[in-house]
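# Coordinates in review
For reference, the chains in residue letters:
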Amino acid sequence: MEKISLITTGGTIASKETANGMLASGALTGHELASLCELPSDIEVKVVDLFQISSMSMSFEKMQQLQSAIQKELEDPEVTGIVVTHGTDTLEETAYFLDITSKDQRPIVLTGSQRSPQEVGTDVYSNLRNSILCAASDLIRDVGVVVVFNERIYSAKYVKKVHASNLQGFESFGYGYLGIIDNDVVSIYQKPLHRECYDIQNRIPRVDIIKCHTGADGLFIDAAVANGAKGIVLEGVGRGQVTPVMVTSIQAAIDKGITIIMTTSAEEGKVYPAYDYEGSAFDLKQRGVILGADYDSKKARIKLAVMLASENPIDETFFKY
């Protein structure tokens, strides 16, 4: 019999309706959540009730606590895989954090729901059941952390919440999903070619995301520097451009030793030095900005923060894969 550890952290998947008709996110304990679901009878499920929090209460500190809880469960050689239930709003960030800090080859699956357990047409039960089946499958071994949602299996690096409420809440633009779970059968059609893992040595530092738009200046860059940011992720436009008036603040931050990564707000494509003008990717690269390839700003922030805490030298090669 396969043995799965189900670690619960809260979110809509563990929510209850309040007296005023709103939802109390994370109100259900892990055992309460598991008792509501028709879990596969041929798989042993151990419930670890870690957090009862909303998605936006997740932090680097709690991600590290979750990672430690996962590693504790994986100390048991009989454990086949891990399922983590999580709020959907920050699920993609936690999934990627776990992906680059977990060395074990056994499956680690994150899931959540767009509707509460009490709502008509809820996706709680199907997402949880499918995640357990996925975590018990040899096909997911050494794939890295995956997200299971609406019968689809996504790689942690590229998965993204794309709808605020629809049951098809997650996608991987440009790359697609890895496989599906159909009638309790797990099928995989593609796998990531590269895995990477970093050992966190120090406290994870502050890393801020700053979005570029017409008329943007250096205000938020200066504020990030003043408030102790050790890294900044710029979400530029197109191939990785910012406004010329941001450049002075960018250069000042680099001169102070702050690592800056350039990403793009475009859903597909890579940052690339295609143009030569002040504020272009080419110009910023010459100044010391690291081009973040096809990483979105949230994933780039997670990776930069982990790498800074692991004392790894950082250059563009670390954003190649």
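Computed from a prediction, not measured in an experiment: that's the story for all the values here.

## So, the environment of Arg141
Inspection of the secondary structure assignment puts Arg141 in the loop between helix H4 (124–135) and strand S7 (146–149). With relative accessibility at 41%, the residue Arg141 sits in the partly exposed group. Along the sequence, Arg141 and Ile108 sit 33 residues apart, while their C-alpha atoms lie 8.9 Å from each other. Look past the residues within four positions of Arg141 in its chain and what remains in contact with it is Gln105, Arg106, Pro107 and Lys191.

## A look at the nonpolar core
Ranked by size, the top nonpolar core spans 45 residues in total, and within it Ile7, Ile70, Ile82, Phe97 and Leu110 carry the most contacts. Mapped by element, the contributors of at least two residues to this core are strand S4 (43–53), helix H2 (60–74), strand S5 (81–85), helix H3 (91–99), strand S6 (108–111), S7 and helix H8 (297–309). With near-sequence residues (within four places) excluded, Ile70 lies in contact with Ile7, Ile82, Val84, Leu98 and Ile108. Within the second largest apolar cluster, 27 residues are counted, among which are Ala34, Val109, Leu133 and Ile153.

## A closer look at the UniProt feature "domain: Asparaginase/glutaminase C-terminal" (unreviewed entry) in the protein
What UniProt calls "domain: Asparaginase/glutaminase C-terminal" (unreviewed entry) maps, in this numbering, to residues 206–316. Note that residues 206–316 is 33% helix and 17% strand, and that its end C-alpha atoms are spaced 20 Å apart.

## A short note on the UniProt feature "domain: L-asparaginase N-terminal" (unreviewed entry) in the protein
Per the UniProt annotation, the sites labelled "domain: L-asparaginase N-terminal" (unreviewed entry) are residues 3–192. The annotated region residues 3–192 carries 23% helix and 27% strand content, and the separation between its end C-alpha atoms amounts to 25 Å.

## Quick word on helix H5 (residues 219–226)
When H5 is considered as a whole, its buried residues turn out to be Ile221, Ala224 and Val225. In a view along the axis of H5, the buried residues occupy a sector of 100°, so they form one face of it. Opposite the buried face of H5, at more than 90 degrees from it, the exposed residues are Leu219, Phe220 and Ala226. Along its buried surface, H5 packs onto strand S13 (207–211), strand S14 (231–236) and helix H6 (247–255). Gly228 lies just past H5 and shows a positive phi near 90°.

## Here we look at the sheet that holds S4
The strands making up a sheet are joined through hydrogen bonds of the backbone, oriented either antiparallel or parallel. Strand order in this open sheet of 8 strands is S4-S1-S5-S6-S7-S8-S11-S12, and the pairing throughout is mixed. Strands at the two margins of the open sheet, each flanked by one partner only, are S4 and strand S12 (185–188). Within the sheet, the average angular offset between the axes of one strand and its neighbour, ignoring direction, is 25°. Sheet analysis places strand S8 (residues 152–155) next to strand S11 (residues 179–182), joined by 2 bridges and oriented antiparallel. From the neighbouring strand, Ile153 faces S11, where its bridge partner is Gly179. Lying on the sheet, H2 is in contact with strand S1 (2–10), S4, S5 and S6; it crosses S4 at an angle near 160°.

## Brief notes about the sheet that holds strand S16 (residues 290–291)
The 4 strands lie next to each other as S13-S14-S15-S16, forming an open sheet whose pairing is parallel. Both edges of this open sheet fall to S13 and S16, since each of them pairs with a single strand only. Of the pairings in the sheet, the one linking strand S15 (residues 259–264) to S16 comprises 2 bridges and is parallel in character. Its bridge partner lying in S16, Ile261 is registered against Ile290. Against the sheet, H8 contacts S13, S14 and S15, and its axis sits at roughly 160° relative to S14.

## As for H2
The end-to-end C-alpha distance of H2, which contains 15 residues, comes to 21 Å, matching closely the 21 Å that a straight helix rising 1.5 Å per residue would cover. Of the residues making up H2, those classed as buried are Phe60, Met63, Leu66, Gln67, Ala69, Ile70, Glu73 and Leu74. The elements touched by buried residues of H2 are S1, S4, S5, H3, S6 and H8.

## Looking at the side chain of Gln114
Inspection of the secondary structure assignment puts Gln114 in the loop between S6 and H4. Its relative accessible area of 12% is what places Gln114 among the buried residues. A polar contact of 3.1 Å, which involves the side chain of Gln114, links it to the backbone oxygen of His163. In this structure Gln114 touches Thr12, Thr88, Asp123, Phe149, Lys161, His163, Ala164, Ser165, Asn166, Leu167 and Gly169, once residues within four positions along its chain are discounted.

## Re the packing of aromatic side chains
Under the criterion given, the structure shown has 7 aromatic pairs. Aromatic pair Phe60 and Phe97: ring centres 6.2 Å apart, planes at 45°, arrangement tilted. Of this pair, Phe60 sits in helix H2 while Phe97 sits in helix H3, placing them 37 residues apart in sequence. Note on Phe60: relative accessible area 13%, which makes it buried. Taken together, a centroid distance of 6.2 Å and an interplanar angle of 40° make the contact between Tyr275 and Tyr277 tilted. Judged by relative accessible area, Tyr277 falls into the partly exposed class, the value being 39%. Chaining the aromatic ring pairs together yields one cluster made of Tyr96, Tyr295 and Phe319. Above the face of the Phe319 ring, Lys303 is positioned so that its terminal group lies 5.3 Å from the ring centre.

So, how was this worked out
- Residues numbered from 1 in each chain as written.
- Predicted model: local features only at pLDDT ≥ 70, side-chain atom pairs only at ≥ 80, totals over all residues.
- Heavy atoms only, no water.
- Helix = DSSP H or I, 4+ residues; strand = E, 2+ residues; numbered from the N terminus.
- Buried < 20%, exposed > 50% of the residue type's maximum accessible area, 1.4 Å probe, protein only.
- Contact = heavy atoms within 4.5 Å.
- Core = buried A, V, L, I, M, F, W, Y, C linked by side-chain atoms within 4.5 Å.
- UniProt positions renumbered as here; feature names shortened; annotations may be inferred.
- Arc of directions from axis to C-beta.
- Pairing = 2+ DSSP bridges.
- Axes fitted to C-alpha atoms, helices over the stretch in contact; angles between N-to-C directions.
- Expected span 1.5 Å × (residues − 1).
- Polar contact = N/O pair within 3.5 Å; in protein donor to acceptor, adjacent residues only side chain to side chain.
- Phe/Tyr/Trp six-rings, centres within 6.5 Å; stacked < 30°, edge-to-face > 60°.
- Lys NZ or Arg CZ within 6 Å of the ring centre and 35° of its normal.

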